[in-house]
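Results of the structural survey
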Amino acid sequence: MAGSGKLHLRLDSDPLLIVQDLVVQYKVNRKSFVSAVAGISFDVLRGETLAIVGESGCGKSTLGKAIMQLPRPQGGTVVLDGVDITALDGNDLRDVRPKVQMIFQDAISSLDPRLQVKNIIDEPLKVWKKGTAAERSVKVDNLLNSVGLDPVVVRDRRAYEFSGGQCQRISIARAIALDPVLLVCDEPVSALDVSIQAQILNLLQDMKEKLGLTIIFISHDLAVVKAVSSRVLVMYLGKICEVASPDDLYARAAHPYSRALIAAVPIPNPDVIVKRISVDGEPPSPVNPPSGCRFRTRCASASERCAAEEPQLQEVGLGHFVACHHPVTN
Amino acid sequence: MSEILKLSDFSVSFDTPRGDLHAVRGVDLSIAKGESIGIVGESGSGKTVLSRATMGLMPSTATCTGTVEFKGAVISNLSRAEVRKNWGTGMAMVFQDPMTSLNPVRRIGSQLMEALIVRLGMSKDQARARSVELLERVRIPDPYAAMKKYPGELSGGMRQRIVIAIAIACTPELLFADEPTTALDVTVQAQVLELLAELRQEFNMAMILVTHDLGVVAGQTDRVIVMYAGQIVEAASTTDLFRNMKMPYTEALMKSIPRMDQSSGQRLRVITGRLPDPTTPEPGCSFAPRCEYATDKCRTEKPPLVTTQTGHQYRCFFPIGGSL
Amino acid sequence: MKKAQSLLIRFSQVALVLLGATFLVSILIRQLPGDVSLLINPVASEAERASLRHELGLDRNYFSAYWMWLSRMFQGDFGFFIFGGKVLPVLKTAIPPTLQLIFYTQIVALTVAVPLGVTSAYKQGTRFDRFTSTTLFSLSSIPNFGIGLILSLIIGVKIGILPPSGYKPISEGLIDHFRLMVLPVLTLAIAPISTYTRLLRAEMIGALREDYVLLALSKGLSDRRILLRHVLRPSCTTLMTSAALSMGGLIGGALVIEIIFVIPGMGTQLAKAIGMREFLAIQTYVAFIALFYITFNSIIDVLIGVVDPRTRSRRA
Ligand SMILES: Nc1ncnc2c1ncn2[C@@H]1O[C@H](COP(=O)(O)OP(=O)(O)OP(=O)(O)O)[C@@H](O)[C@H]1O
Ligand SMILES: Nc1ncnc2c1ncn2[C@@H]1O[C@H](COP(=O)(O)OP(=O)(O)OP(=O)(O)O)[C@@H](O)[C@H]1O
Ligand code: SF4
Ligand code: SF4
Ligand SMILES: [Mg+2]
Ligand SMILES: [Mg+2]
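Parameters and conventions
- Residues numbered from 1 in each chain as written.
- Chains lettered and ligands numbered in written order.
- Predicted model: local features only at pLDDT ≥ 70, side-chain atom pairs only at ≥ 80, totals over all residues.
- Heavy atoms only, no water.
- Domains from an automatic or database assignment.
- Near = heavy atom within 4 Å.
- Polar contact = N/O pair within 3.5 Å; in protein donor to acceptor, adjacent residues only side chain to side chain.
- Areas by Shrake-Rupley, 256 points an atom, 1.4 Å probe, with all protein chains shown as cover.
- Contact = heavy atoms within 4.5 Å.
- Buried area = accessible area lost by both parts, 1.4 Å probe.
- Salt bridge = Lys/Arg side-chain N within 4 Å of Asp/Glu carboxyl O.
- Helix = DSSP H or I, 4+ residues; strand = E, 2+ residues; numbered from the N terminus.
- Nonpolar A, V, L, I, M, F, W, Y, C, P; charged D, E, K, R; others polar.

Attention shifts here to the domain arrangement of chain C. Looking at the assigned domains, one finds that chain C contains domain 1 (2-74) and domain 2 (96-257). The centre of domain 1 of chain C, based on its C-alpha atoms, is set 38 Å off from the matching centre of domain 2 of chain C.

Set out below in structure tokens:
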């Protein structure tokens, strides 16, 4: 699926975020490097929720961080609200920063265990001088309430006293403190139990409506993705496989990898015996990705063409794009 | 079937500035060799504390009461040095947060090999070979290269798999897996769960699987325990629980799972309210403030844990489907 | 390619700091009261005084005087004393004692502080922990010349097991050299021992709470192994940063202590030079002291990178 191409971009609808040909590389040793994100393009419309799914280690977190310029990507452009932020220098970038907030995958370790919860959430407000101490204190309480924590009980406690889920909620409160326009959520609910997960997802939904928030939602829980997203982008080894609306994707996934992914979702019913389409074979080394389609070493439909030629995104239905030489059709 | 672990009236509380925090309250539980038990429950209900305290991995602010028996011997009154003899080989744990449970300044390889060398007395080469094999089994691409990396250079899901590899390195008899697959995509999750199932088959390993994912519970466990506010509120065989749940809390939990067959963009159901403050326990049923079936009795009296003939346990005055 | 570039940046930073420091000093010493030329020979003629002022560069502006000193340094001319003689031979004898003093002190401070810090963290809250922290705290509140004088008086003079003052180079016998070094090193080491111990204790207590320590425990490793392999190493970064930061204070302390213990090092020479308004010598000494400071800091930066991969950049 090593897919490239830009057919799926909707540049005439004035997207909030346009990412083109983004490349992020990590050095492995003196000679070799991994392209964790290998030339990805996508866009996010205002008020939309774009979900990114894909195999563990395929570059989702790297992609999310690269949008925030943390660290700066090696190639490509990221245009936010008409401004190419890859071209901004340090100071201008700092001014843009509060507009994009990220809930990190390692949210728990990003909370300083020695700080009191109120200070953790107050910090960004203080740094950006949002109101007096009293106003900020009210805002902190509101934020805590909105993520389902009782301010009276938690304000003065320190992060290490909380369970995993509670920590996650604190970090969400911190991220929305600055009223960002774009929120990049890197697996924000994977550590939460279903009920709080639902609360948080509804909360994100509410904020989307109230504040016109646009969300990039990285997750591997396909049911959650279906509930919250307007568009889904499936990744494999630093490339795009498929872009579609969640309903299209789950009903008619056209890429062999997407199909395997959907088939692997565990069903909460012990009587159902799931028939999985397994993704066999060794996961390829990201240092030497397979030629042509990067999924070909594990794809049942792979042909010679797949090894020779990298598939480009093609439209298989309205707003449904797939990067595969032999897309599955039902 | 013989028991590998038995908890009797096990409680854990923390000494906090706001008073004693009762994280686990009066848990009775026994697990047979090779059995797989799922623990589900809201965040903060005490699942992690229960598993860590059972192993004996608690900070000094914690007080544990009740008894823990491991392979027939009481271990809850042993000194740490004595308990430690079981760690790694007898019981092992997959820690909840993959991002913080690896030492950031040591290479993956040395963290994996360490236990093999120290606990199993392997030579360096043996340990290295075994580590590579473990990494392959948890599906890490390029295991040789991964051995030389630091945790910061791996993705979240890769770290989680390393933590799993460390836990199973010495083939423990009892594995505590605290949300072991939260950072994994579904295909890798399926492979890792399969691996754990294989280990249970091969070595008759028992497993306590803490998870939020009821889909995983359905596929991987023999028995399920539902925890709420530090207590067991429902326990039953997995099929029984899913077919015939008794607790209003379990029902509410089930209803709030997002499902693949729902159409997109729908609001998810939530359990309104939140867990009671663990420093000031409720006088009645701890779920009463949030329960749609609650009556005055529930608010003033504590429901006992009832066991039916089929072994289904619940803690409720008005169970769904009536009491037996 | 990248490596060469970062080395180049590092090197230019060092050069810039050195230039800045010495230039500042060159301005400062000119503010010292009194006309040097009169100091040497109160009855010198106007012509003699003018020629001396010219030699010293006092008739030039700050920049050109500084340039004169700098260009001479590059030609290997480290200046001369107004009262006669070249600076270079004095420098050659003064550098080793000072470097030895600083080096021994860091070693002693670290070898004492690391086990103390590790043990106090491990035995947090016990009598041992409380005793160590109170003792170190009280000791570190005495200024080091005070400690120096007390030690020299009690151990050196009253008890007499060690010589109270003086210096012998290594070439004149290792034992004598070290016997003379014990008291000054001890004096200087007390402050850093206290800082390092407290810092390491706090860092390790934080690290002991980390999940990865629990994971290491649950593998069944011994406490000793966990403390040394899993906890000490991440905490070391802070310790080393602090060692680098304390270098300034340590050099300053060493200069004072040398005078108390009569060690003919840079401190003694610098004091002498300041008293005599030896312009060129002061400037040269300061340049070398700054050089020590920077070199030591750069070494520690590199070491931190080796110990802690989190500070290393892995980007292509
Ligand atoms: N700091 C780093 N140095 C070197 N390699 C890195 C670094 N961070 C990530 N990588 C590599 O980049 C690839 C993508 O990592 P990334 O964290 O983006 O994956 P991911 O899609 O978020 O996976 P997961 O679902 O497991 O979190 C992986 O192969 C990983 O090993
Ligand atoms: N070290 C500690 N000190 C004080 N309180 C603690 C400590 N560790 C946990 N707690 C408290 O104990 C309770 C149970 O926490 P625990 O981590 O077991 O929850 P959990 O069920 O594992 O939740 P999650 O699903 O979010 O991981 C929580 O109220 C938490 O705040
Ligand atoms: S069919 Fe070919 S192009 Fe499509 S996913 Fe398989 S290998 Fe890739
Ligand atoms: S005892 Fe009452 S409040 Fe508690 S779960 Fe049952 S019905 Fe609800
Ligand atoms: Mg990630
Ligand atoms: Mg937990």
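Here we come to the site of ligand 2. The environment of ligand 2 is formed by 22 residues, the closest being E161(A), S43(B), G44(B), T48(B) and Q96(B). More than a single chain frames ligand 2: its nearby residues are located in chains A and B. Between S43(B) and ligand 2, the recorded distance is 2.7 Å, taken from a side-chain N or O atom to an oxygen atom. Contact between ligand 2 and Q96(B): an oxygen atom at 2.6 Å from a side-chain N or O atom of the residue. Expressed as a share of its isolated accessible area of 630 Å², the protein-covered part of ligand 2 is 92%.

As a further point, take the interface of chain B and chain C. The partner chain C presents 22 residues to the 27 residues of chain B that form the contact. Buried surface at the junction of chain B and chain C, summed over both partners, amounts to about 2300 Å²; 58% is from carbon and sulfur atoms. Of all residues in chain B, R84(B), V105(B) and E114(B) give up the largest surface area on contact with chain C, accounting jointly for 24% of the area buried on that side. Measuring nitrogen to oxygen at the nearest pair gives 2.9 Å for the salt bridge that ties K219(C) to E114(B). For the side of chain B that touches chain C, the secondary structure elements donating two or more residues are α1 (47-55), α2 (80-84), β6 (91-94), α3 (108-120) and α6 (156-168) of chain B. Of the residues forming the side of chain B that touches chain C, the biggest block, five residues, is contributed by α3(B). Here the side of chain B that touches chain C is composed, by residue class, of 14 nonpolar, five polar and eight charged.

Turning to the interface of chain A and chain B, a few remarks are in order. Listed by partner, the interface residues are 62 residues for chain A and 62 residues for chain B. With both sides pooled, the region where chain A packs onto chain B buries about 4900 Å², and carbon together with sulfur makes up 57% of that total. Our enumeration of links across chain A and chain B arrives at zero salt bridges. At the junction of chain A with chain B, the criterion picks out five residue pairs in polar contact (both at pLDDT 80 or more). Counting residues per element, the ones that place at least two in the side of chain A that touches chain B are α6 (164-176), α7 (194-211), α8 (222-228), α9 (246-252) and α10 (256-263) of chain A. Residue contributions to the side of chain A that touches chain B peak at nine residues, all from α7(A).

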